[in-house]
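Chain by chain, the residues:
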Amino acid sequence: MHDTAIRPFRIDIAQADLDDLHQRLTRTRWIDEVPGVGWERGVPTAYLRELAAYWADKFDWRAAEATLNADPQFTTTIDGQNLHFLHIRSARPDATPLLLIHGWPGTPADFLDLIGPLTAPAAHGDPDAPAFHLVIPTLPGHGFSGPLTETGWHDGRVAAALAELMARLGYDRYGVQGGDHGAFVAPRLAREHSEHVIGVHANALVTFPTGDPADMAALTDTERQRLAAMKQFQDDGSAYMSLAGSRPHTLAQLLADSPVGQLGWIVEKYKEWTDASHELPEQAIDRDKILTTVAIYWLTDTARSVCDYYYERFHDHTMFAPKPKGTVPTGVAVFATGDYAIRRFAEKAHNIVHWSEFYSGGHFPALEVPELLVGDIREFFAGLAR
């Protein structure tokens, strides 16, 4: 029998799992510190020790759990896989359904500061702003969507599952927003289910040089700097992706057995990908929010399927195959750090109708600069014909 039921869900981590986490944190075997290297070789031991001690003794998971449970959550089964999602309907009758897709490291908790302004703009000081019904899924295999139970969950299959989720909720026409993984999945969903998607808004969109000498000659100084930063990332910052994309289970075993390993693996990205004006990751994103994300990945035991997600993308032969240009109206927000999108390249693949560039924020705008992301989402969707 095809199970299409939508089941209410509440997060309730067993105390035994929290006790086990605390014990593991206090029994960590630490590497020694190499003087004078800072962050250039990864997370400094002294910083990670201090953060782990905070996680063990001061971070309040039950408070984080209560915050997460304040919004209505559900699970359903799609294509044989459990799918967890938040669903918050606006009181406004003219609200637009909007699917928000997180990346890695990320969860629906990334979007908590967007929920109020997007669903109830009048209550947040902007009664004339558009309103949205929000659907915020946990990506298959991540967090409370539970470990993946089979192979083959590439971006196209994820996009199809999310399209089925929206249909199951009764939304025939809707917008999509995503960053990181979401910036791959959202355009693919729009391309393959264009009859249902009114528009795609993306941050951290990946664009590739076209190879056309005229395009390269026309680049601005800012775009040349962005292209150089992308090359620097490929040369010196992408090993995590190559490892997960080629040997996911070897890496996953390390992450699944050590909460400090999981912490270091994730907090390194919060350091490297947030606004470069900050010296430490918690200056860009609240420390408790960082630890909420890390704790979700640890407590749900999803390290293996999170790593497998990269493997599936790297081994999906359709991923970078030539495709016709997308037709769905697309808006792009480019933030100051770790965002390499270049408009003339993006326009080769997407129907770009909106382009914004910001001088602050980084790879996690929903956590770093939520007001800028909210404003850009509103502006883009307000400009679309329904």
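Up top is the structure.
Not measured: the values here are computed from a predicted model. (Residues numbered from 1 in each chain as written. Predicted model: local features only at pLDDT ≥ 70, side-chain atom pairs only at ≥ 80, totals over all residues. Heavy atoms only, no water.)

**Re the overall build of the chain**
At step 1: On a plain count of helices and strands, the chain comes out with 16 helices and 9 strands.
At step 2: Relative to its length of 386 residues, the chain is compact, with a C-alpha radius of gyration of 20 Å against a globular reference of 21 Å.
At step 3: Projecting the C-alpha coordinates of the chain onto the three principal axes gives extents of approximately 55 × 55 × 45 Å.
At step 4: Each of the 386 residues in the chain was classed as buried or not, and the buried ones make up 56%.
At step 5: In the chain, once contacts between residues fewer than 6 apart in sequence are set aside, the share between residues at least 24 apart is 77%.
At step 6: Of the accessible surface of the chain, which amounts to about 17000 Å², a share of 53% is contributed by carbon and sulfur atoms. (Helix = DSSP H or I, 4+ residues; strand = E, 2+ residues; numbered from the N terminus. Rg over C-alpha atoms; globule rule 2.2 N^0.38 Å. Buried < 20%, exposed > 50% of the residue type's maximum accessible area, 1.4 Å probe, protein only. Contact = heavy atoms within 4.5 Å. Areas by Shrake-Rupley, 256 points an atom, 1.4 Å probe, with all protein chains shown as cover.)

**A look at the pairing of strand β6 (residues 174–179)**
At step 1: For β6, the tally of buried residues reaches 6 of 6 residues, placing the bulk of the element in the interior.
At step 2: Of the two faces of β6, the one holding Y174, V176 and G178 and the one holding G175, Q177 and G179 are both buried throughout.
At step 3: Sheet analysis places strand β4 (residues 96–101) next to β6, joined by 4 bridges and oriented parallel. The residue of β6 that forms the bridge with L98 is G175.
At step 4: In this structure, β6 lies alongside strand β7 (residues 197–203), joined through 6 bridges in parallel fashion. (Pairing = 2+ DSSP bridges.)

**As for the packing of helix α6 (residues 181–192) against helix α13 (residues 303–314)**
At step 1: The interhelical angle for the contact between α6 and α13, taken along N-to-C directions, is 50 degrees, at an axis separation of 13 Å. One finds that α6 runs oblique with respect to α13. Crossing hand, α6 versus α13: left-handed. Packed against α6, whose contacting residues are H181, F184 and V185, the element α13 presents Y309, Y310 and R313 at the interface.
At step 2: For the contact of α6 with α13, the residue count by class is 4 nonpolar, 1 polar and 1 charged. (Axes fitted to C-alpha atoms, helices over the stretch in contact; angles between N-to-C directions. Parallel < 35°, antiparallel > 145°, perpendicular 65-115°, else oblique. Left-handed = near helix turned anticlockwise from the far one by under 90°. Nonpolar A, V, L, I, M, F, W, Y, C, P; charged D, E, K, R; others polar.)

**Points about the packing of aromatic side chains**
At step 1: Applying the stated criterion to the full structure yields 15 aromatic pairs.
At step 2: Taken together, a centroid distance of 5.5 Å and an interplanar angle of 65 degrees make the contact between Y240 and W273 edge-to-face. Within this pair, whereas Y240 is found in helix α9 (residues 239–246), its partner W273 is found in helix α11 (residues 259–273), the two being separated by 33 residues in sequence.
At step 3: Overall, Y240 belongs to the buried group, its relative accessible area being 8%.
At step 4: The buried category is assigned to W273, whose relative accessible area is 6%.
At step 5: Their ring planes at 70 degrees and their centres at 4.8 Å tell us that F380 and F381 sit as a pair that is edge-to-face. F381 carries the same exposure label as F380, and that label is buried.
At step 6: Every member of this aromatic cluster is reached through a ring pair, and the members are W104, F233, Y240, Y270, W273, Y310, Y340 and F364.
At step 7: Above the ring of W39, the side-chain terminus of K271 is found at 5.4 Å from the ring centroid.
At step 8: One residue, R287, lies across the ring of Y54, its end atom 4.9 Å from the ring centre. (Phe/Tyr/Trp six-rings, centres within 6.5 Å; stacked < 30°, edge-to-face > 60°. Lys NZ or Arg CZ within 6 Å of the ring centre and 35° of its normal.)

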